[in-house]
Amino acid sequence: MTPPPEGDAAKAALRERLLAARLDRSPAARASAAAAVTSALLARLARVRVLAAFVPDDTEPGAGRLPAAFTQLGARVLLPVVPDSGAELRWAVDTGRLAPGRFGLSEPVGPRLGPTALGTAQVVVVPALAVDRAGTRLGRGGGYYDRALRHARPGAVVVALVFDDELVDALPALDHDRPVTAVVTPSGGWQELPTGR
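Cut-off values and rules
- Residues numbered from 1 in each chain as written.
- Predicted model: local features only at pLDDT ≥ 70, side-chain atom pairs only at ≥ 80, totals over all residues.
- Heavy atoms only, no water.
- Helix = DSSP H or I, 4+ residues; strand = E, 2+ residues; numbered from the N terminus.
- Rg over C-alpha atoms; globule rule 2.2 N^0.38 Å.
- Buried < 20%, exposed > 50% of the residue type's maximum accessible area, 1.4 Å probe, protein only.
- Areas by Shrake-Rupley, 256 points an atom, 1.4 Å probe, with all protein chains shown as cover.
- Phe/Tyr/Trp six-rings, centres within 6.5 Å; stacked < 30°, edge-to-face > 60°.
- Lys NZ or Arg CZ within 6 Å of the ring centre and 35° of its normal.
- Expected span 1.5 Å × (residues − 1).
- Polar contact = N/O pair within 3.5 Å; in protein donor to acceptor, adjacent residues only side chain to side chain.
- Contact = heavy atoms within 4.5 Å.
- Core = buried A, V, L, I, M, F, W, Y, C linked by side-chain atoms within 4.5 Å.
- Pairing = 2+ DSSP bridges.

**A few points about the overall build of the protein chain**
Here is step 1 of the chain: When you go through the protein chain residue by residue, the secondary structure sums to three helices and twelve strands.
Here is step 2 of the chain: Against the compact-globule benchmark of 16 Å for 197 residues, the protein chain has a radius of gyration of 16 Å, which places it among compact chains.
Here is step 3 of the chain: Put simply, the protein chain has 197 residues, and 47% of those count as buried.
Here is step 4 of the chain: For the protein chain, the exposed area adds up to about 9,600 Å²; of that, 53% sits on carbon and sulfur atoms.

Here it is as structure tokens:
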């Protein structure tokens, strides 16, 4: 078996450390972070007509508040659906009803849209384990969002949600990684990022 390239090995080790730190956060810290992240998002998304977002799991910023809070926007909200086979996200309009999906992730109930539906969104809110100040995003390693973001429309704002200590100076980046244009943290709120990688 061939060892993973150096960048992949570095990312795997970093993912393991970040996931462990998320599991160690107290319920009170998670709730406080969710409230702050939600408030920052709603303030910046007030004029958005079509939004693509995700349903945070219990360890992610926004857990327990998103996507329900997006109903205040009056926008069309698309949520991801991980297909039973293949590695390209599908999308569905959020109707407020969620069901368990692949990998134990919550997903919207209703008709499925294809991968290109993401191209209708003005803003795409993505999960991340970490983001660096140049816009490099570290996901969980499945590549679903890197593939999905190929369908984002030109000029779409791509914003990642992370805890304060997960906004870092630098991350290992590979050619297929898709950068984000902004990040939201509980203490820092919405922060624009240069994406000149």
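This is not the end of the story, as more comes after the structure.
**Overview of the packing of aromatic side chains**
Here is step 1 of the chain: Enumeration according to the criterion identifies zero aromatic pairs in this entry.
Here is step 2 of the chain: The ring centre of Phe163 lies 3.9 Å from the NZ or CZ of Arg25, which sits over that ring.
Here is step 3 of the chain: Geometry around Tyr144 places Arg147 over its ring, the cationic atom sitting 5.5 Å from the centre.

**Regarding helix α2 (residues 27-44)**
Here is step 1 of the chain: Under the 1.5 Å per step criterion, the end-to-end length of α2 is 26 Å for 18 residues, consistent within 8% with the ideal 26 Å.
Here is step 2 of the chain: Of all the residues in α2, the buried ones are Arg30, Ala33, Ala34, Val37, Thr38, Ala40, Leu41 and Leu42.

**Comments concerning the side chain of Thr59**
Here is step 1 of the chain: By the secondary structure assignment, Thr59 is in the loop between β1 (50-52) and β2 (76-81).
Here is step 2 of the chain: Judged by relative accessible area, which is 12%, Thr59 ranks as buried.
Here is step 3 of the chain: At 2.7 Å, the side chain of Thr59 and the side chain of Asp57 are in polar contact.

**Examining the environment of Glu107**
Here is step 1 of the chain: Along the chain, the position of Glu107 falls in strand β5 (residues 106-108).
Here is step 2 of the chain: Owing to a relative accessible area of 12%, Glu107 belongs among the buried residues under this scheme.
Here is step 3 of the chain: A sequence separation of 29 residues divides Glu107 from Thr136, and the C-alpha atoms of the two residues are 26 Å apart.
Here is step 4 of the chain: In this structure, Glu107 is in contact with Pro80, Val81, Val82, Arg97, Leu98, Ala99, Gly101, Arg102 and Arg112, ignoring residues within four places of it in sequence.
Here is step 5 of the chain: In this structure the side chain of Glu107 is engaged in a polar contact, spanning 2.7 Å, whose partner is the side chain of Arg112.

**What about the nonpolar core?**
Here is step 1 of the chain: Grouped together as the largest cluster of nonpolar side chains are 50 residues, with contacts concentrated most on Leu41, Leu45, Leu51, Phe70, Trp91, Val125 and Val131.
Here is step 2 of the chain: Elements that contribute at least two residues to this core include exactly α2, β1, β2, β6 (123-127), α3 (144-148), β9 (157-161) and β11 (182-185).
Here is step 3 of the chain: Among residues more than four places away in sequence, those in contact with Leu41 are Leu66, Phe70, Val125, Leu161, Val184 and Trp190.
Here is step 4 of the chain: Leu14, Leu129, Ala130 and Leu138 belong to the second-largest nonpolar core, a separate cluster that totals six residues.

**Quick look at the pairing of β11**
Remember that side chains alternate between the two faces of the sheet whenever the strand is regular.
Here is step 1 of the chain: The alternating pattern of β11 places Ala182 and Val184 on one face and Val183 and Thr185 on the opposite face, and all of these are buried.
Here is step 2 of the chain: Two strands pair when backbone bridges link them, and β9 and β11 are joined in this way by three bridges, in the parallel orientation. What sits directly across from Val159, in β11, is Ala182.
Here is step 3 of the chain: Taken together, the four bridges between β11 and strand β12 (residues 189-192) define a ladder with antiparallel strand orientation.

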